[in-house]
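Inside the fold
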Amino acid sequence: MVGDMGERKSSLALTILLGGYFTLIQLFEYIEAPFSITDSTYGRTFFIATGFHGFHVIVGTLFLLATYVRMTNCRFSKSHHFGFEASAWYWHFVDVV
């Protein structure tokens, strides 16, 4: 809304990279886990809880990636930026819940 496109794009790119990094680390954690979902209650709880969180991060990262592409193509203006606010709202709403 302020019109500082450079800072907006770099901040959004950093957020997308961090979302991808988290997803990669979680994948490595799943591969290296010494237990499986069928081993015990701990295994089921671990994989379900971290799986839901990982899904939330993947969906949010995809929203932000789509927003970044739209921003790069100059699809937002000071008066038309609902897509940007919607992707930011998703992150805020899901993190609060």
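Predicted model only: the values in this text are computed from it and were never measured.

On inspection of all chains with the given rule, the structure shows seven aromatic pairs. With a centroid separation of 5.3 Å and 80° between ring planes, the pair formed by F35 and F46 is classed as edge-to-face. Within this pair, whereas F35 is found in the loop between α1 (5-32) and α2 (41-72), its partner F46 is found in helix α2, the two being separated by eleven residues in sequence. Look at F46 and you get buried, because its relative accessible area is 14%. Each member of the aromatic cluster is reached from another via a ring pair, and the members are Y30, F35, Y42, F46 and F47.

Together, Y21, L24, I25, L27, F28 and I31 make up a nonpolar patch on the protein surface, roughly 610 Å² of accessible area in all. Relative to the assigned elements, L24 resides in helix α1.

Moving on to the confidence of the model for the protein chain. Looking at the protein chain, pLDDT values average 80 and 71% of them are 70 or higher. For the protein chain, the element scoring lowest by mean pLDDT is helix α3 (residues 82-96), at 58; α1 scores highest, at 89.

What follows covers α2. If you check α2, its first and last C-alpha atoms are 46 Å apart, about what 32 residues at 1.5 Å a residue would give, namely 46 Å. Listed as buried for α2 are G43, F46, F47, G54, H56, V57, V59, G60, T61, L64, T67 and M71. The N-cap residue of α2 is S40: its side-chain oxygen and the backbone nitrogen of Y42 are 3.3 Å apart. One or two residues past the end of α2 sits C74, with phi positive at roughly 55°.

In this section: the environment of R8. Structurally, R8 is set in helix α1. In this structure the C-alpha to C-alpha distance between R8 and Y68, which are 60 residues apart in sequence, comes to 9.3 Å.

What counts, and where the lines are drawn
- Residues numbered from 1 in each chain as written.
- Predicted model: local features only at pLDDT ≥ 70, side-chain atom pairs only at ≥ 80, totals over all residues.
- Heavy atoms only, no water.
- Phe/Tyr/Trp six-rings, centres within 6.5 Å; stacked < 30°, edge-to-face > 60°.
- Helix = DSSP H or I, 4+ residues; strand = E, 2+ residues; numbered from the N terminus.
- Buried < 20%, exposed > 50% of the residue type's maximum accessible area, 1.4 Å probe, protein only.
- Patch = residues over 30% accessible without salt bridge, like charges linked within 9 Å, V, L, I, M, F, W, Y side chains within 5 Å.
- Areas by Shrake-Rupley, 256 points an atom, 1.4 Å probe, with all protein chains shown as cover.
- Salt bridge = Lys/Arg side-chain N within 4 Å of Asp/Glu carboxyl O.
- pLDDT = per-residue confidence, 0-100.
- Expected span 1.5 Å × (residues − 1).
- Polar contact = N/O pair within 3.5 Å; in protein donor to acceptor, adjacent residues only side chain to side chain.

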